[in-house]
Every structure is written in structure tokens, then in C-alpha cells.
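What follows is each chain in one-letter form.
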Amino acid sequence: MRNLRRIFSHVVTDKRLTKCCHIAYSTVDQSVAMAIKSLGVGCSLFQLDEDYSLKQLARFPAENGEIIGLEFVEWRWCVAFGGGELVTCVGDSVETAGRVVDGLDAMVWSPDREIVVLVTAVGKIIVMNQEFEGLVDEFDLNPSEFGCEIPINAGWGSKATQFHGSEGKQGAVARNGSSSAPSGTCSPPFPSDSRPRVSWRADALYFVVSSVDPVDSLRRFRVYSRDGVLQSTSESTPGLGAPLAWKPSGALIASTRLQRDATEVAFFERNGLRHGSFRLHLCSDGFHVRELLWNSDSSLLAVWYQSIHPTRVNPSVIQLWYVNNYHWYCKQSLCYPNDVTCVSWNERNKYNLLVATVTGSIVEYEWTLGVDCSSLGTTDTRLPHGLANGINGLTTGVSDLTTGVNDLATEGTEGNALTTGVNHLSQGANDLYTVVSDLDIINSSTEPIDHNVVVVTDGDSLLVTPFSRCSIPPPRSAYTLSGTETPSHNDTPSHNHSTGVSIIAFSPPPTNNDFISLRTDNFIYYYAYNNTSRGPPKHGDLMLTSRHDLSTVVNNPDDVTHLLITGRRHQLLEFIVVVRCEEIKSLIYFCRINLTNQHLDIIWGPKEFPNILATISRNVQSGSIVAQSRDGHLWRLVITMDTLVTTPWLDHEGRVARLPSLCPTTAVCTIGGGEILLSLSKNRQLFVNSTKVANDVTSFLLHSKFIILTCVTSLHTVCRTVSRSVPITTLLDGGLSDCDRRIERGSFLISVDPLGTRVVLQIAPRGNLEVIHPRSLIVDALQTDLDRADYKAAFRLCRKHRVNMNILYDHSPGLFISNIHRFVSQLNSSDSLNLFLSELSTEDTSETMYGVFYNKTTKPQAGSTQGNKLDLVCHGIRNVLERTNNSKMITSLLMTYIRQSEVDLESVLELIYKLKVNSESNSTSIECGVEIVDNVTPPSGCDVSLRTDWVEALKFVLLVVDISRLYRIALGTYDLQLCLMVAERSHMDPGEYLEELNGFLELGVSYRRYKIDCKLERFQKALTNLKESGSEFFKEVLSLTKERKLYRECMTLYDINSYEYKEVCRAYSEYLIGCNRQREAALLLFNIGDISVCLPLFESVLDYRMCLACSHRLHQEATQRSGLLRRLADRLASSGNHSDAASVYDQHLGDPESAVEVLVQGHVWFDAVALIYKHNRTDLIETHLGVELVSACKGLRSVIEQHMETFAGHVTRFGEIDLGTLEVSELDTTDGAEVCDGFSDTSSLTGTAASSVRSFRSRLSGHSQKNQRKAQRKLHSLKKGSANEHLALLAALKRIAESVSGLQNEVGDVLKCLLVLGFSGTGRDLQRVYSDSLDSIGRGVRQIWGRDLWLTLGRVAQQQGSYSYLGEGETETTKLPIMWEDFSILIPPSLSKSSLWKVHNFE
């Protein structure tokens, strides 16, 4: 779909360059060497530098013969002569490298310049290296053998094994025995070139030699390896021509073949077999092919023609062919009025072509591949321009009239000013008339539509396809325009290549689908697209409206490099023509075509452009024109009716912009309120003005709101869209990653719908098309539709491109709710509404799924919504549907009940049942005997007059709701008729549901509901309905209560004084006793009066107060009550509740001595003292309190001393351990695994150690808790010399310190009681011992848990970190060393610093 666009062409003319026979390019600089042959006076060698300066390098005598080869090799020019001389030139120095006595016919160097192939005049081939040393012995040009790669014929595919129709086997014999020269060939009408030809493959592994075989006088070619070994020989091909070119990609060898009716370019594989061809129709017009030349990337094939008739106007023609989708396109036809003497492609610049003519002209062409497609801006800017011209014309005319009248009155002149004024007035009036006409056209017509018209050139034909209306893969097309013929609506391209198409230029809006073409006959053709609909293309849409001769501007159409239409005002088409000249600059003409009278006028020109103009672009929105010169400078062109103003292009900061190199593809657009120039260089770099913003960009196109790119990443090719609303600074900072979509490798952009979502790509190299819709364009189109509340278009877009329907609401919730009636009316389809409701969810897709396309600052906030999204939408749609009362929308009404946050299937079924009742006015009882229930209440707000097929409505519900769930819901309404209706339309077995429903029908109402609730496992409702069935069902009530543990619910159903209530309570108490909640059971029984039953329960929980209450309610005797209390007191004391036991003894049994004894045993010292003095029993101090107090004091002292002894021993042992010598290898790796010290600093534990640790942890986790604790104790063993002894000592020391510190409250109570009783000496000794112990522990803690411990253990942690592992439930950020699962031992023990336990008197 791409055409070959001319970037620039430049001509250098020098009489010394006539008869240029060879051109070679330097691999060091941009210079070009040209060999010039002169009859009788010898040959010359010239060098053309980059600045087009010409200098002579050498001159050779005539006896050397003509030059047959020229190449640049190793800083020198190598020249071969027909006489056999091999000469090298370095600067002005000329040296003879060697001589072939027999003479030479050809010299071709390999692409890597390491090997040269020479063909002698006597039919020998010589292969030499750079130093002209022979690599192999010379060999014959036409050997008899086939080569080392001779094919093996297994018989398949031969003529003898093929089917020949009615001819039978004799047909195969006749064909095999016929002459080798087919009837389709003929002798050439021009002198045959019998000289041999040589061509190398681009990788320099093989070369091919074409020569005429003297045996049968047929030309064949043979393929050799770079060592000169014959590989294969081509099949016998009569009519094979001399031109020979091996495709640089290595796939095919191109040559020509003359047939009776035409000449074709034939392709051969390396094994010599045919592989396709295409015809050259120009040869039927009296031309023959001189040469075939591939460009460096194999994308273009140049065919050089020479006329048979020397008097022809254009005796030499060069055609550039391009293949795509297995079709060969003639992209350019270059016609020359003089003979062409040499043609050469630039090896370093794949689209650079050099042509030499016999007149001494050297023409340099620079091409690029680009798509010629129509474009549509968002605004129309041509009316203000025409209006300004009209007003200026009128103003100037009035001024000139005034001046003319004054001149006539004062001086009596001839009135030149008056005449000029009249002319200006006339011109201004015409401009204003044109503006008014255009305004009428715009107002009377619809908005301009861009059909994405793409024009593909193919020789004389134009293949036109409007991609917004159809997608036709190449080489087919919607329209085929051939020469001056009337356009045909077909897809068969014409092959009349008498004149070619050079340039295509599209018109700006509103006629943006119209275009002009410049052909090689020097005529401009204007084509108008007349269809403004978006239907399929039809005949008459595209018409040739006018044809204009450009000879008034330029005589040679090859001199025209660019065409640009600046605007169309009514029937006036204005455009600029860029023409090359011999100087390093370009000429610009401003022309106008009157489409009414078919007349072409030059408004002004030529105007000089400062340099060679390479590209020119127009901003469709603003009309700005930007030109790029060959040296990368950017210029703004301001074109008026009078002149051309050229100013440097400025970037967004006001600086002059310049590209670092020539960019073949440019486009002007507006981004973020500023105007920028996008440029794509040859090496895939994208520039914004002069700043590079991206690499590996293969193509780009402009959308009205986006820039669309195709980029090649490290892994795949993507289609990337960039919003044009972003600031320019964001774009310059590399903000080109809005949204990426992966596409097939080699894809490039063809066209984009500027106001839509359609993007057309072509897949290279095959050429098939792919139409995609990037997600960013889809969401942008959705936003546009939703902002204007066009929900029908937005819904269609979502359904077509599988966009989540939630975006219709999430885009602007307030706007959607306020226009929900419009939403329903625009969709006006139950299927559409159901699809929308089915996808509805609570997710805000504008923040999650499509959040990247939404800017929070620009997201519309029309109104506000409160509440659940599902409920708001469902209730809103339901209200609209209920008001419209449309029976066709009943399924959508049902869907609103199903899709709300709390599904209301009961309302759905009730509505369906009401529809059934209304549709069956004469209904009778149903087969199973279920009577029609007449008291069905439809959902609130529903019009009962709705008429629809209730069966279809039920089928719809069965599709979206599980049938079993729907049946259960219907059963839960207790409406058996509704259940039957659902069951009949489902796939349920009638034998099951009919029997079940008939069984329910035989029961009473309440008991039926009870059975239904039990089936549905609604046991609370079942309990209520069973209670309402009657008192005779109480046993079932009690059984259901016990089975389902509904005691609390059942208690609420009966009166508190009823028999049933007490039975439920007794059952509840049994349940509580089983749950080990005897106190609650006893309280419940106490409430209903079962005192004798609850008394043992209170006694079992040691509640002596409730036991005393029960004893009084049972009127027990004093002795019986006393025995009960004594039993309770003894059990309270043995259970550790000494205070309650003492209260029982003192208050209810009157035994203070036993009470004091219990308190002393529990070390409740001050309660015992209070009780002694309450009853004035001081004798108990000596007998009970004093003795127990002294014993407790001794016990505390013993415990403290024992702890301190152990603490001191551990501190001593810990000091003996040298932590500085701890190494990783000393740590226990469990299971005997050894840790390798060759691990990396960043590697995790591998090998045996890792497996042992993991297996240990897995075994540990599988054991019981007892075994786990046992294994954990082994890890922290205090055994002397164990691997983790230091960690075990830390744990033991911390445990002892915290235990001793925790005795403060107990020691304080003992000391205070000793002070009260006067045991000062004992108290002072205890306080001293405990105080010294705390001081020793404090010093030990500070010593052990000091800074040295953390530094040492930190170093060990680093060593262990080299083989750390991830334990179960741990992440990468919480790696734990093997032995350090419990880090709490590394934290110093928490010691209380309070001194309130001390007694000041004992200090």
C-alpha cells in the first residue's frame, strides 16, 4: 500500500561527464567515482564529492581499451579495462596492479571487497583476492557439468507422472520429445548482448555468471561458491536475456526473458530452477531491457530500458518496481529525453539512485516509501483565509480608487491608480463571492467525512481504496484509475505502463477525499470523490473531473519533486509546485486551477527555497506549512497571493529547530495547544521538532486526538497511541507510553480514521492487511458519545469491541442517572438492556480496567450519586420500564430484580405468575390438583395490565438463574401453583415434583409451610409455622428444637409460665450441661423453679451464695445446711479460692480459727491479720500466722539464693565463651549436613545443607506439640561445648533475671507483714538478700546484653545470611538464619526499677 515518494532530486551537469559508463561509491566518504569513455582519446576517471564538486582523478590511454569495471577497494579505486589492464588509483597516484593477456569482459568485486571475479575475453573465469593473487586455477566459462548440487529426480512432478487429460500418456511423450524452444519465444528485435554478466550475493558466499553457451547458443547462468566451485546450472530457458542481478537478500536471481508477446523479468533459485516472474509491458512499445539493479535491502528493482528507435522522444526509461503480496508494482517511471549511459544504486543509502545521461548530466534521486492517504482536520480554516483575502482586496481597491480619483482631479494623469483600484475591487469581490459560496456549501452539506482514501500507484494505474468503507487487500482495490480513462469500479489493475504516476497530493478539508496526480506526460489529473455516505463503494463515487497541462510551469515532469495543495476555495484549487534546479536549491511555484473552465494559472513563481527541499508538510487544522531542507533545517512557509515568506521553524521555547539528519517522513500537528513537527528518520528515530523522543519507531499516523506509532521493542512489535492533549514538555520527556497493543512483526500503519477507531496496518513482507481498533481510540470515542448522552452509539461500540458495559455508568454516574430515561429509550431493546444489566458490577471501571485512559482532573462529574451502584441502576431502569408499560421489555424488568445487590427472585416469580394469570382468564385446576391461588400480589409499582408470553419470560429467567435455586425460591413463597409453573418449564422430573407438591397440598396450611421450610432448611421459620400448627405438635417442636439447637428461638414462642416454656428450658439446661456450662443451666432451672435440680449444679461450680439461696428455698435444716457450707469451704480452699473459703468459715459457719488458717495457707497475710483482731484472737498469731510467715520468708530466701547461684554460674560460663571465634561452620546445620564455604555472598542455601534444613523443618512440623518442644529444647542445649551454647545461656539468663525480678510483689507483702508482727530481724535479712540479688542481676544484664554482644552476633548473622533460607510463611524480606528463630533472647530482660516493695525500716 506504500508508494515511492521522491524526497529530492538534484542534477549536476558537466560536459566532461558525457558517456559515463561506470559509477562506484566510496565506502569511506560520500564521494562517487565515474568512469568516462571517450572514443579515440582514452578514458577518464572523475570523482564527485558530497558538495557536488567534480575533480578528475586520472586519465588513461586509449590502448587500454574501454573500462569494463570500477570499484572502491581498500582506500583505492580499482579500474579494469577491456585490454586486460588492472589499475588502482589513490588520489592522483595511478598504479598498475596486473594485466590479463587475453583481455577482460567483466570485473566484479564481492560485497565484502575481499574477492574479485574476472571474466576473460577467451571464456575463462579467474578468482583472486584483494592483492590480485589467484585463489584457484582459472576455469571455463561454460563447463559441461551441472555442478556439485545436482538435483535428485525421484520421478515426482515430472511430465511422465502428470495427468494430461484426453491426450493420455502420449501427451507426455510428445511434450518430452518436442523441441526445447517453446513456441512462445522469438528472436530479439535488437542486437543481442553476448557479453558475460557477473553478480554476487550480498553475503559474498556465492556469485553467479551468465553467459551464452556456444553449444546451443542459449544463455545460461551458473552459480559458484566464493572459492570458485561450481554449484548449479540454470535450466534451459530460451529467450533468457543478458541482464543479471542477484537479490541481496539471497532468495532469487533476476534476469529477463524475451517472449513472443512480451518481455518478462524471470526469477531463479540458487539451484537454477524458475521461481516466478512478472511482465514488462513497456517492451511491447519498442524498448528493450539494458540492466536490472536491486537496491541494497532488496525492496526495489530498477529496470533500465533503452528504446529500439533512436528518434524516440524519451529513448531511455527507468522503472522502479516494488513487490507486495506477491504482486509487482511499477512505482516510478523516469523518462529521459536523452540516452542514459549508467544507473547505480547507493550501497549505503538504500533509496538513493544515481543516473548518468549522455549529455553529461548526473541526476541523484532520494526516495522513500510512504502511504498516500486522505486526512481530515477537526476544524475548517479555509474560510477565514478567503474572507481575509476578500476584505484585503476590497480595502486595497477602495484605497486605489481614492488615489486614482485624486490623481485625475489634480494632475490629470491617465488614471493608472484608478485602473489598479478597479482591478483590486474586482478581485476582492470575487474572493468574497467565493467565501459566501463556500459558506452556503458548508451550511447546506453535512460535516466533512474522511473515507481514508488510500491511493497506490502501479505504473499508469491508480489503485484506490476507501478504507473507512471497505478493506480490500492488495493488489485488489475498490477503484482502478487508468490514465485518462474513465475510472472503473473493479479490482483488476490495469497494466498500461506507457505513462507512470510520479506524485500524489490530497486536498485539504472539506474536499479531503479528492486528490491530484502528476504523470510522466506532464499532466495533472484531478479526481473527485462524490460519495459522502459510509456505505460500500459503488460505480461513480470516484471520477476524473479535469486534466491540466503543467508545461507552463515546467517542461520536464521529472524536474517536479513535490506537490502540495494549499486549499480549495469553491472551484479554485490552489497548490504549490516544487521544482529542482542545478544549483543547490529548489524553486517553488504557486498555481491555481479553475475547475470550471479547466484553466491553470501561475499566481507567482518561481521563488527560491534556501536549500534543496526534501519534505513538505501541512497542518490540516491550522494550515501551517513546514518544509525540511536536505541538510535538516526546518522552515515555515507562509504563502500569500503575492509572495512566499520563508522563516526558520521555531520550537515551543522559541528556538530555531534543526534535525540532526534528513528525515524522510514528517507531519505537522497541534499537541497540547502548541504546534510541533513530527519527524521519522531513516534509522527509526522519532523527533518532536528537533528533540528525539523515541527509538525503533517504524511508522506513525495522526489521529484527531492521538498520535499512533508502530514500535519495535526488544521482544515484539507494538501499536502505541499517544494522546495529543498532553503538554509538549511531556512528549519531549519521552511520554509515549499511553497504551500499547501487540501486533504482528513487520507491521506498519496504512491509515487511521481521524474521528473514529479504525486503524489499518499492513503486514510486511507478505502485504496482507489487518484492521485493529486500539483500546485508547475506542475509549476516547466512548467518552465523546457518553458526554453528549448518545448511549445508543456508545452501547454499539462497547458490544462491537467487547468493552465492559460498566463504563457507560462509570464514565459519569450522575449524568447516567439523570439521563437514564434517555438510555432506555435509545437502546429500546430488551436484549440490549439485558446485556448491559448482565455485565453490571460494583467495580468502577473508569479507575481500574480503563483507569489509564481517564484523568482524574478531567473526568466529568455531572451530579452526584449516593448508594449502591447496582441498586441505583436497576431501580432507575425499573422505574422507567414501569412508566413505559411496554410488554416487550418484560425480560428487562425481570432482569432488574435479578441484578440488584440483593436478588429478589420472589418478586420475579410473582410477576411471572401474575402474567400467567392475566393471560389465562379461563384457567382450570392443574393436573396435579394444585388449585390456582388468587391472592398473588404483584411487585409494588408493576402494572398488572402487562401482556406478554409468560412462558418466554420464565424461559428467560431460567437462563440467567439456576433452576434449582429458582424452584426453591418458588417453594419458599408457599405458592404451590408458582412452584408448579417453574417446575413445568424446567428439566426436573415430573415424577418427583408432582408427588412432592401433591403431598404438600394434602397438609394444613401451617403444617405445609413447616414441611416446606424444613425442606428449604429454614428451620427458624419452620419452628414458627410448626408452633402455629397447634399444641398437638409440641413434641415435634421440642424435637426440632433439640435437633437444630433452636432453644432461644423456641423460648420466645411460648409464655414464660406455660408448660411448654418450662419443658424447653429443661431441654436447654441439658444442652448447656453438655456444653460444660453448668452455672447457666443452674440459673435457668432456678428461674423455672427446679431448685432441687439446680442445687447440685451450683455446688459443682462452687457458687456458695446460690447454694445458700437454694438451701433456704428448700427449707433445709441447719445441720444439713452447715454440712453443705463446710463442703463448699473445703473445696474452695483446695481450689485456691482462700478468700471465699474464709468468708464461708467466718460469716456462715462462725469458725474464725479455720478462716485464719485458710488465709494463712493462701498467704493472704493482711486479711488474716484483720480477722484475728476482728475476733480478738491474738493467740492465733503465734499458732498460725507467725509460724507460716517465717516459713514463707525462708522459702523465698532459698529460692532467691538458688536462682542467684545458677545466674552466677551462667554468667561465668558465658564469659568463658569467646564470641569472636564463632564461625558459620560451628553452627549446627542439623542432620549432620555440612555447610559449604564456597557459596556466593548473595546465594541462598543449596545442596545438602538446604535439603537438610528443609527436611528438618518438615519433619518438625509433622510431629506432635510435645515432640516439637523437645526438639526445640535440643536446639538450645546448655551442654558445655555445644554449637548453640551461647544462645542457650542467653535464654537461661534472661529467664532467671525475669523470674527474680517478678518476686517483688510477693517479697514486699512478706516484708510488710513481718514489720506489723515485729519480726524486724527476719525482715531485714530478707530485704538485704533480695536487694543484693537485684543489683547482681542488673550488673549481669548490662554486662551480657551490651554493645559487644550485638556487634559480634551481627557479624555471625552476616555469615549465616550466606546460607539463609525461606521458612514456611516467610517472605524474601524476612530471611531468618537457621538457629535464630527466636530473636527475643537477644533483647535484654525487662527488669522492674520500682522500689515500692522495700520497707524503709529494714534498710
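Residues numbered from 1 in each chain as written. Predicted model: local features only at pLDDT ≥ 70, side-chain atom pairs only at ≥ 80, totals over all residues. Heavy atoms only, no water.

A. Expanded view of the overall build of the protein. Scanning the protein from terminus to terminus reveals 36 helices and 55 strands. Out of the 1403 residues in the protein, the part that is buried amounts to 51%. Counting only contacts in the protein whose residues sit at least 6 apart along the sequence, the fraction spanning at least 24 positions is 54%. For the protein, the accessible surface area stands at approximately 64,700 Å², while carbon and sulfur atoms represent 49% of it. (Helix = DSSP H or I, 4+ residues; strand = E, 2+ residues; numbered from the N terminus. Buried < 20%, exposed > 50% of the residue type's maximum accessible area, 1.4 Å probe, protein only. Contact = heavy atoms within 4.5 Å. Areas by Shrake-Rupley, 256 points an atom, 1.4 Å probe, with all protein chains shown as cover.)

B. Focus on the sheet that holds strand 15 (residues 206–212). Reading across the sheet, the four strands line up as 14-15-16-17 and stay open at both edges, with antiparallel pairing between neighbours. The sheet terminates laterally at strand 14 (197–200) and strand 17 (230–233), the two strands that pair on one side only. For this sheet the average axis-to-axis angle between neighbouring strands, irrespective of direction, equals 20°. When strand 15 meets strand 16 (residues 219–225), the two strands line up antiparallel, connected through seven bridges. The residue of strand 16 that forms the bridge with Val212 is Arg219. (Pairing = 2+ DSSP bridges. Axes fitted to C-alpha atoms, helices over the stretch in contact; angles between N-to-C directions.)

C. A look at the packing of helix 27 (residues 1138–1148) against helix 28 (residues 1152–1161). At a minimum axis distance of 8 Å, the contact between helix 27 and helix 28 shows a crossing angle of 175°. With respect to helix 28, the axis of helix 27 lies roughly antiparallel. Along its contact with helix 27, which presents His1138, Ser1139, Ala1141, Ala1142, Tyr1145 and Asp1146, the element helix 28 presents Pro1152, Ser1154, Ala1155, Val1158, Leu1159 and Gln1161. Class assignment of the residues belonging to the contact of helix 27 with helix 28 gives a composition of seven nonpolar, four polar and one charged. (Parallel < 35°, antiparallel > 145°, perpendicular 65-115°, else oblique. Nonpolar A, V, L, I, M, F, W, Y, C, P; charged D, E, K, R; others polar.)

D. Layout of the pairing of strand 40 (residues 599–609). Of the strand pairs in this sheet, strand 39 (residues 586–594) and strand 40 are connected by eight bridges, and their pairing is antiparallel. Each residue of the ladder has a partner; that of Leu587, found in strand 40, is Glu608. As consecutive antiparallel partners, strand 39 and strand 40 are separated by four residues, and within that stretch Gln598 has a phi angle of approximately 60°, a positive value.

E. Structural context of helix 28. Here helix 28 lies mainly inside the structure; seven of its 10 residues are buried. Those residues of helix 28 that sit buried are Pro1152, Ser1154, Ala1155, Val1156, Val1158, Leu1159 and Val1160. Buried residues belonging to helix 28 abut helix 26 (1118–1134), helix 27, helix 29 (1165–1174) and helix 30 (1179–1216). Once helix 28 finishes, His1163 follows within two positions and takes phi at roughly 60°, a positive value.

F. Up close: the sheet that holds strand 30 (residues 453–458). Strand order in the open sheet formed by four strands is 29-30-31-32, with antiparallel pairing between adjacent strands. In the strand order of this sheet, the two ends are held by strand 29 (372–373) and strand 32 (479–482), each with one partner. Here two bridges tie strand 29 to strand 30, and the two strands are oriented antiparallel to one another. Bridging across to strand 30, Cys373 finds its partner in Val454.

Scope: geometric values only; no functional claims are made or implied.
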